[in-house]
Amino acid sequence: MKRKSHDRRPSWDEYFLAIADLVSKRSTCLRRRVGAVLVKDKRILATGYNGVPSGIRHCGEVGCIREKLKVPSGERHELCRGLHGEQNAFLQAALHGTSVKDATLYSTTQPCIICAKMLINAGIKQIVIRGDYPDKMSKDLLREAKVKVRILK
């Protein structure tokens, strides 16, 4: 049976980015919702969204430290109660003993410098993102490490 144009299946990149978009909806961050999906051989290894560690009160309850201190996006990552989506995806994989070497990261935004360093050392070879992030050092390091970054709108 021939498919109708409205029945078009999404590409793998579109599919995994749509899942990253859905994962981001679990975010507890007041400033930016980020979802991350680690994929290998078209199989999801782990997901993560940005938010505080388990058992810690959400920023919605206690307020955003970064907002209070007027910290610009892309700077002073240590001044935050939360973890980034990429970090939570790595931690989920580690918690369950899943290797992410040679995996692809799908993320709703470009990784920051801290996450970029983790991605490089974890052996991530490719990153597919939906949006940009104001972190030139991250872009430069990923390029130097030969991690392929693609933007899919």
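None of these values were measured; they are calculated from a predicted model.

> Explain the pairing of strand β4 (residues 126–129) to me, using residue names and the numbers behind them.
Where burial is concerned, the two faces of β4 agree: the one with Q126 and V128 and the one with I127 and I129 are both buried. Here strand β3 (residues 104–107) runs beside β4; their pairing, made up of 4 bridges, is parallel. When the sheet's bridge partners are listed, T104 is paired in β4 with Q126. A crossover connection joins β3 to the parallel β4 through helix α5 (residues 113–122); in handedness this β-α-β unit is right-handed. Note that β4 and strand β5 (residues 148–151) share 4 bridges and pair parallel. Considered in β5, the bridge of Q126 is made with K148. For the crossover from β4 across helix α6 (residues 136–144) to β5, the handedness is right-handed.

> Could you give an account of helix α4 (residues 85–95), with specific residues and numbers?
G85, E86, Q87, A89, F90 and A93 are the residues of α4 that are buried. Along its buried surface, α4 packs onto β1 (35–40), β2 (43–49), β3 and α5. Looking one or two residues past α4, G97 carries a phi angle of roughly 70 degrees, positive in sign.

> Now, about the sheet that holds β5: what can you tell me, with residues and values included?
Working definition: the strands of a sheet are paired by backbone hydrogen bonds and lie parallel or antiparallel to each other. Within the open sheet, the 5 strands sit side by side as β2-β1-β3-β4-β5. Their pairing is mixed. The outermost strands of the open sheet, each flanked by one partner alone, are β2 and β5. Ignoring which end each strand starts from, the neighbouring axes of this sheet average 20 degrees apart.

> Please set out the environment of T47 residue by residue, giving values where relevant.
Residue placement: T47 occurs in strand β2. Since its relative accessible area comes to 24%, T47 is described here as partly exposed. In this structure T47 touches V23, A36, V37, N88, A89 and Q92, once residues within four positions along its chain are discounted.

Analysis parameters
Residues numbered from 1 in each chain as written. Predicted model: local features only at pLDDT ≥ 70, side-chain atom pairs only at ≥ 80, totals over all residues. Heavy atoms only, no water. Buried < 20%, exposed > 50% of the residue type's maximum accessible area, 1.4 Å probe, protein only. Helix = DSSP H or I, 4+ residues; strand = E, 2+ residues; numbered from the N terminus. Pairing = 2+ DSSP bridges. Right-handed = clockwise from strand over helix to strand, strands pointing away. Contact = heavy atoms within 4.5 Å. Axes fitted to C-alpha atoms, helices over the stretch in contact; angles between N-to-C directions.

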